[in-house]
Amino acid sequence: MTPPDLQAAFDPEGFRREGHRAIDILADYLARAERGADLPVVAWQDPERLAASWPAEFPAEPSARLPAILERALAEAMHLHHPRYLGHQVAAVLPAAALLDLAVALLNNGMAIYEMGPTASVMERIVCRWLASLLGWGEGAGGVLTSGGSAGNLTALLAARQAKAGFNAWEEGAGGGPPLCVLASDQAHYSVARAVHILGLGRGGLVAAETDGSFRLRAAALRSALAAAGRSGRKVIAVVASACTTATGAFDPLAEIADFCGEHGLWLHVDGAHGASAALSAKYRGLLAGIERADSVVWDAHKMLLIPALATAVLCRDGSRSYAAFAQEASYLYADPRPRDEWQNVSLRTLECTKRMIALKVYGALAVHGTRVFADHVTSSFDLARRFAERLRAAADFELGAEPEANIVCFRHRPPGATGTAAGADLDAVQRRARRRLLESGRFYLSETRLPAGLFLRAVIMNPLTGEDDLAALLDAVREAAGPGAG
Ligand SMILES: Cc1ncc(COP(=O)(O)O)c(C=O)c1O
């Protein structure tokens, strides 16, 4: 017999009661976060202090109420729905997508094989095909959803290696043929370098091609990078282009890079974790010109598509190629232990075995809201970044780090009378101090990045509710927080 406590824990009526209460708490929270006025972006606490304040042991008997845990977790979280959240590239999610994610958590279909997630497998195929069609790909394209852009880049590069190594690297290992390498700019996301190391390509496995003054990979520099790889005895298998880069949001020139890859028989992988969503925007899709010639593309729905993390598509122009990434047998999962092209068994082409029903929240959000809100979000956030850049240009005491192409704006404050060169440590200290004080005060959250000229503040406009007034207020807040006595 099921012990009474366990039975009670699964009581549907208890779930209904707690669920209604939880939704009320979350809706009240959302209202406060979106209003912004009476909630800090984050109620900052020192990590050790925060760690010490949470009970680290669990009683044998039920002791806490769910609302209490929830309310405290909400109070202490980073508030992405706050209009003054301008931090890392994670979406302020659509509330409907969060509800769908609740169903994902409750259903917990493991997804490895069709039997363990029939509907989500079908939705996944539809979502991937739809995303592929936005890239300009045809019927033969396909892919999977996986847990994040980092896992996505690894997956795509595994497929690239199987396609281009000239030997079966899955069977023989990285040492089964000539040493391999990948070309990318030094602005590529760190997960690319990580993937290269995981692939066993080691130091020298990633050869950097130069960027131009706008942090875009210079297609002409690929030639010298290819030659440099050849001189060190490396066989190049792929070029990774960024659309866009993480630090400044620069879009690499995909058409020229595709020409180069075509000429040299290389796999073109586009890391579109952030910027592939520009494909939805009639105004900005030109930034991706040439993406239709890529062999693989990674696209995060938890960045610009307003979906809860993690939700990444790994797409291949030739869908059958994506099965090469994990060319492995698993007789306990698949009836016939040979790898086959079976879209319905998603674990054939992902790192995960048990996988969340990622597609339910993506498919559901698209079905509920329609596609236009997603296109509008991309267009308006990219527009707003351009208007923010104009404001920065007009301010004598601010400098732009780069012209924004996406919704990422790097800038720094140069207080009147600031000493030091552009790259001077004192100017770096001004930015560091300002960012830290804004974080600690909860007035704004933004990140920072190092560019050749020095340290820059980095505002990413992720929240559709962020307005021009928030960005105007940001400049005043930076001025104030940068002062030596502020704080
Ligand atoms: C260009 C790019 N690629 C990959 C990633 C990693 O994605 P994830 O955080 O989903 O692993 C990021 C994250 O910011 C990114 O900006």
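Details of the structure are given in the entry above.
First things first, this report covers the structure right here in the doc. What you see is a predicted model; the values in this text were computed from it and never measured.

**With respect to the overall build of the chain**
Check the secondary structure of the chain and you find 16 helices and twelve strands. Its C-alpha atoms give the chain a radius of gyration of 24 Å, near enough to 23 Å, the size a compact globule of 487 residues would have. Referenced to the eigenvectors of the C-alpha coordinate spread, the extents of the chain come out at roughly 75 × 60 × 45 Å. Counting only residues that meet the buried cut, the chain has 50% of its 487 residues in that class. Counting contacts in the chain only where the partners sit at least 6 residues apart, residues at least 24 apart contribute 72% of the total.

**Regarding helix H9 (residues 190–198)**
Buried residues of H9: Ser-191, Val-192, Ala-195 and Val-196, and no others. All buried residues of H9 project into a common sector of 145 degrees when viewed along the axis, lining one side. Opposite the buried face of H9, at more than 90 degrees from it, the exposed residues are Tyr-190, Arg-194 and Ile-198. Contact partners of the buried residues in H9: helix H7 (149–164), strand S3 (180–185), strand S4 (206–209), strand S5 (235–242) and strand S6 (267–271).

**Focus on the packing of helix H2 (residues 12–35) against helix H4 (residues 66–76)**
Where H2 meets H4, the closest approach of the two axes is 10 Å, and the angle between their N-to-C directions is 20 degrees. Taken together, the axis directions place H2 and H4 in an arrangement best described as roughly parallel. Relative to H4, the crossing made by H2 is right-handed. Taking contact as the criterion, the partners of Glu-18, Arg-21, Ala-22, Ile-25, Leu-26 and Tyr-29 in H2 are, on H4, Leu-66, Pro-67, Leu-70, Glu-71 and Leu-74. Taken together, the residues that form the contact of H2 with H4 break down as eight nonpolar, no polar and three charged.

**Looking at the side chain of Ser-191**
Tracing the sequence through the fold places Ser-191 in helix H9. Those residues in contact with Ser-191 that lie beyond four places of it in its chain are Gly-149, Ser-150 and Asn-153.

**Brief notes about the packing of aromatic side chains**
As enumerated under the stated definition, the model contains five aromatic pairs in all. Seen from their ring centres, Trp-170 and Phe-326 are 6.3 Å apart, and the 85 degrees between their planes marks the pair as edge-to-face. With Trp-170 in helix H8 (residues 169–172) and Phe-326 in the loop between strand S8 (312–316) and helix H13 (358–369), this pair connects stretches of sequence that are 156 residues apart. Taken together, a centroid distance of 6.0 Å and an interplanar angle of 50 degrees make the contact between Phe-398 and Phe-411 tilted. Of the two residues, Phe-398 sits in strand S9 (residues 398–400) while Phe-411 sits in strand S10 (residues 408–413), which places them 13 residues apart along the sequence. We note that Phe-398, like Phe-411, is buried. Through a chain of ring-to-ring contacts, three or more aromatic side chains come together here, namely Phe-388, Phe-398 and Phe-411. Sitting over the ring of Trp-54, Arg-72 keeps its end group 3.8 Å from the ring centre.

**Section: the site of the ligand**
As a matter of local geometry, the ligand sits amid 14 residues, with Gly-149, Ser-150, Thr-246, Asp-271 and Asp-300 nearest to it. Between the ligand and Asp-300, the relevant distance is 2.8 Å, taken from an oxygen atom to a side-chain nitrogen or oxygen of the residue. Surface burial for the ligand is 85%, taken as the share of its 390 Å² of free accessible area covered by protein chains. Those elements giving two or more residues to the shell around the ligand turn out to be H7 and helix H12 (301–304). No other element matches the three residues that H7 contributes to the shell around the ligand. In the shell around the ligand, the residues fall into two nonpolar, nine polar and three charged.

**Structural notes on a nonpolar patch on the surface**
A surface patch of nonpolar side chains, about 330 Å² in accessible area, is lined by Ile-23, Leu-26, Leu-99 and Leu-102. Elements with a minimum of two residues in the nonpolar patch: H2 and helix H5 (95–107). Position of Leu-99 among the secondary structure elements: in helix H5.

**Some points on the nonpolar core**
Residues Val-270 and Trp-299 are the most contacted members of the largest nonpolar core, which totals 79 residues. In this view, Val-270 contacts Ala-241, Ala-243, Leu-254, Ile-291, Ala-294, Ser-296, Val-297 and Val-298; residues no more than four positions away in its chain are not counted.

**Quick notes on the pairing of S3**
Of all the six residues making up S3, six are buried; the element is thus mostly covered by neighbouring parts of the structure. Of the strand pairs in this sheet, S3 and S5 are connected by five bridges, and their pairing is parallel. Bridging from a neighbouring strand, Cys-181 pairs with Val-236 of S5. In this sheet, S4 lies alongside S3 in parallel orientation, the contact comprising four bridges. In the strand pairing of S4, Val-182 is matched with Leu-206.

**Concerning the environment of Val-42**
One can find Val-42 in the loop between H2 and helix H3 (47–53). For Val-42, a relative accessible area of 7% puts it in the buried group. On a C-alpha basis, the gap between Val-42 and Ala-453 in space is 30 Å, while along the polypeptide they are 411 residues apart. Residues in contact with Val-42, not counting those within four places in the same chain, are Glu-76, Ala-77, Met-78, His-79, Leu-439 and Gly-442.

**What about the packing of helix H10 (residues 219–231) against helix H11 (residues 254–264)?**
Packing of H10 against H11 leaves a shortest axis separation of 8 Å and a crossing angle of 35 degrees. Our pair here, H10 against H11, has a crossing hand that is right-handed. Contacts between H10 and H11 involve Ala-219, Leu-222, Arg-223 and Leu-226 from the first element and Glu-256, Ile-257, Phe-260, Glu-263 and His-264 from the second.

**Here we look at the pattern of salt bridges**
Evaluated as defined, the whole model comprises 29 salt bridges. Put simply, Asp-470 and Arg-84 hold a salt bridge, and the shortest N to O gap is 2.9 Å. Separated by 386 residues along the polypeptide, Asp-470 in helix H16 (residues 468–482) and Arg-84 in the loop between H4 and strand S1 (85–86) bring together distant segments of the chain. By relative accessible area, which is 8% here, Asp-470 ends up buried. In this structure, Arg-216 engages Glu-405 in a salt bridge whose closest nitrogen and oxygen atoms are separated by 3.3 Å. Here Arg-216 is found in the loop between S4 and H10, whereas its partner Glu-405 is found in the loop between S9 and S10, with 189 residues between them in sequence. Here the residues in one salt-bridge network are Asp-101, Arg-356 and Lys-361, joined through shared partners.

Scoring rules and cut-offs
Residues numbered from 1 in each chain as written. Predicted model: local features only at pLDDT ≥ 70, side-chain atom pairs only at ≥ 80, totals over all residues. Heavy atoms only, no water. Helix = DSSP H or I, 4+ residues; strand = E, 2+ residues; numbered from the N terminus. Rg over C-alpha atoms; globule rule 2.2 N^0.38 Å. Buried < 20%, exposed > 50% of the residue type's maximum accessible area, 1.4 Å probe, protein only. Contact = heavy atoms within 4.5 Å. Arc of directions from axis to C-beta. Axes fitted to C-alpha atoms, helices over the stretch in contact; angles between N-to-C directions. Parallel < 35°, antiparallel > 145°, perpendicular 65-115°, else oblique. Left-handed = near helix turned anticlockwise from the far one by under 90°. Nonpolar A, V, L, I, M, F, W, Y, C, P; charged D, E, K, R; others polar. Phe/Tyr/Trp six-rings, centres within 6.5 Å; stacked < 30°, edge-to-face > 60°. Lys NZ or Arg CZ within 6 Å of the ring centre and 35° of its normal. Near = heavy atom within 4 Å. Polar contact = N/O pair within 3.5 Å; in protein donor to acceptor, adjacent residues only side chain to side chain. Areas by Shrake-Rupley, 256 points an atom, 1.4 Å probe, with all protein chains shown as cover. Patch = residues over 30% accessible without salt bridge, like charges linked within 9 Å, V, L, I, M, F, W, Y side chains within 5 Å. Salt bridge = Lys/Arg side-chain N within 4 Å of Asp/Glu carboxyl O. Core = buried A, V, L, I, M, F, W, Y, C linked by side-chain atoms within 4.5 Å. Pairing = 2+ DSSP bridges.

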